[in-house]
Amino acid sequence: MSDENDGEKPIFFDLFCYMSSSARALVDEPKLYGPLRLLETMERIIDVMETNEMSDEFYRELKKKIEENKYTVMHDEERFIEFLDEIVKMLAKKEKEFLDQ
Amino acid sequence: MVDGDLLKVIKERRSIRDYKDEEISKESIKTLLESARWAPSGSNIQAWRIYVVKGDKLESIKKFSPGLLSDPPIIFVMCADIEEAENKGGKLSKDVLTKMDIAIAAQNICLQASSIGLGTCYIGSFNKKAIREILELPDHHVPELILTVGRPKKIPDPPKRKNLDELTRWVE
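What you are looking at is a predicted structure, and each value in this text was computed from that prediction instead of being measured. (Residues numbered from 1 in each chain as written. Chains lettered and ligands numbered in written order. Predicted model: local features only at pLDDT ≥ 70, side-chain atom pairs only at ≥ 80, totals over all residues. Heavy atoms only, no water.)

**Q** What should I look at first to understand empty space enclosed by the protein in this one?
**A** The rolling of a water-molecule-sized probe over the atoms marks out the regions of remaining empty space. All names here are of chain B. For the coordinates displayed, the defined rule picks out one cavity of 30 Å³ or more. Looking at the largest cavity, its volume works out to about 30 Å³. Around the largest cavity sit Ile16, Arg17, Gly67, Leu68, Leu69, Ser70, Cys121, Ile123 and Thr148, which together line it. (1 Å grid on protein atoms, 1.4 Å probe; cavity = no way out; pocket = protein on both sides within 12 Å on 5 of 7 lines; lining within 4 Å. Points joined across faces, edges and corners; volume = space filled by probe spheres on them.)

**Q** Any chance you could explain the side chain of Arg13 of chain B here in plain terms?
**A** Residue and element names in this part refer to chain B. With respect to the helices and strands, the residue Arg13 is situated in the loop between helix H1 (5–12) and helix H2 (26–37). Of the side chains with opposite charge, Glu12 lies nearest to the buried Arg13, which makes no salt bridge, at 11 Å. Not counting residues up to four positions away in its chain, the partners in contact with Arg13 are Gln107, Cys110, Leu111, Ser114 and Arg161. (Helix = DSSP H or I, 4+ residues; strand = E, 2+ residues; numbered from the N terminus. Buried < 20%, exposed > 50% of the residue type's maximum accessible area, 1.4 Å probe, protein only. Lys, Arg positive; Asp, Glu negative; His and termini not counted. Salt bridge = Lys/Arg side-chain N within 4 Å of Asp/Glu carboxyl O. Contact = heavy atoms within 4.5 Å.)

**Q** Which parts of the structure should I look at to understand the packing of aromatic side chains?
**A** The geometry of two aromatic rings is summed up by the distance between their centres and the angle between their planes. Residues and elements named next belong to chain A. By the definition in use, this model includes two aromatic pairs over all chains. The interplanar angle of 85° and the centroid separation of 5.1 Å between the aromatic rings of Phe58 and Tyr59 together place this pair among those described as edge-to-face. Judged by centre distance (6.0 Å) and plane angle (55°), the rings of Phe80 and Phe83 are tilted. On the criterion of helical spacing, the pair formed by Phe80 and Phe83 is a turn pair, its members being three residues apart in helix H4 (residues 77–100). By the burial criterion, Phe80 is buried, and Phe83 matches it. Across the ring face of Tyr18, the terminal group of Arg44 is positioned such that the distance to the ring centre comes to 3.7 Å. When the ring centre of Phe58 is taken as reference, the NZ or CZ atom of Lys94 above it lies at 4.9 Å. (Phe/Tyr/Trp six-rings, centres within 6.5 Å; stacked < 30°, edge-to-face > 60°. Lys NZ or Arg CZ within 6 Å of the ring centre and 35° of its normal.)

**Q** Looking at this model, I keep getting lost on the nonpolar core. Mind explaining?
**A** What tends to happen in soluble globular proteins is that the nonpolar side chains get buried as a cluster. Residue and element names in this part refer to chain B. Formed by 20 residues in total, the largest nonpolar core has its most connected members in Leu32, Phe76, Met78, Ile109 and Leu147. Per-element tally for this core: the top contributor is helix H4 (residues 82–115), with six residues. Beyond its immediate stretch of four places on either side in the chain, Leu147 contacts Ile74, Ile75, Phe76, Met78, Ala106, Ile109, Cys110, Cys121 and Tyr122. Judged by nonpolar contacts, the second largest core, of 17 residues, contains Val53, Leu58, Ile131 and Ile146. (Core = buried A, V, L, I, M, F, W, Y, C linked by side-chain atoms within 4.5 Å.)

**Q** Would you mind showing me how to read the state of the cysteines here?
**A** One covalent bond between the sulfur atoms of two cysteine residues makes up a disulfide. Residues and elements named next belong to chain B. Inspection of every chain in the model, using the stated rule, returns zero disulfides over all chains. Cysteine Cys79 remains unbridged, with the sulfur of Cys110 as its closest cysteine sulfur at 16 Å. With relative accessibility at 0%, the residue Cys79 sits in the buried group. Free of any disulfide, Cys121 has its nearest cysteine sulfur in Cys110, 8.2 Å distant. Of the residues examined, Cys121 reaches a relative accessible area of 3% and is grouped as buried. (Disulfide = S-S within 2.5 Å.)

**Q** I tried to follow the packing of helix H3 (residues 57–69) of chain A against H4 of chain A on my own but got confused; where do I start?
**A** Residues and elements named next belong to chain A. In the contact formed by H3 and H4, the axes pass within 11 Å of each other and the chain directions differ by 175°. Taken as axis vectors, H3 and H4 run roughly antiparallel relative to one another. Facing H3, whose interface residues are Phe58, Tyr59, Glu61, Leu62, Lys65, Ile66 and Asn69, H4 presents Arg79, Phe80, Phe83, Glu86, Ile87, Met90, Leu91, Lys94 and Phe98. For the contact of H3 with H4, the class distribution of residues is ten nonpolar, one polar and five charged. (Axes fitted to C-alpha atoms, helices over the stretch in contact; angles between N-to-C directions. Parallel < 35°, antiparallel > 145°, perpendicular 65-115°, else oblique. Nonpolar A, V, L, I, M, F, W, Y, C, P; charged D, E, K, R; others polar.)

As structure tokens, then:
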């Protein structure tokens, strides 16, 4: 990446702000907020992908699934962990598609 | 006020994480701030300072507040004036009581908001140093809590509550 970006914010700058603040906050926060923050980071990366025309239906579905389920962390730990497994499975399936290409 | 009205408001308040893209009137904001003004505080020190933030500064604060996930039109950054707290109330006030006082004032805001159809959410996960930088806070104003405020898109179902027996011990 060039140093001469005309003072424009690099596309991941906001993400760095979020991730660094999360890193610091998680030192003192409940254990399950760690996974929650990682999922939220994924959502934000998908937003960057959308803005830069790198996304597709799979990532939109992924983001929708995260949005719909992430708050179960607040009141239903079992369901939250189940949902984490579902996300991993979804990505593993996609990975297999890449391998089979 | 009819008996039971306040309990109804208390039970109907929710933590809102999805807001409409709608400005909140200055009159409504002022009633929320007025409700905070009337909160009790240790030795009546009233060491809370409320920063009402919207626009670009709000967007910047969001980047350093992992707990602030929604798009509220406005936030209240509730700070402790630790200088006033310590001068008038000593170390106990500065370290403990003022935090409690801020939480009480915040709850007044949340209940008043709920009673006029607005939503709120307590945000405890934010980077104090970043917020101080963005808002150019004086050294003696310490951000303790953020409240998001806006018109809710939807009202979530209430989370499960422990029953009274679990919470209470009767002592005679």
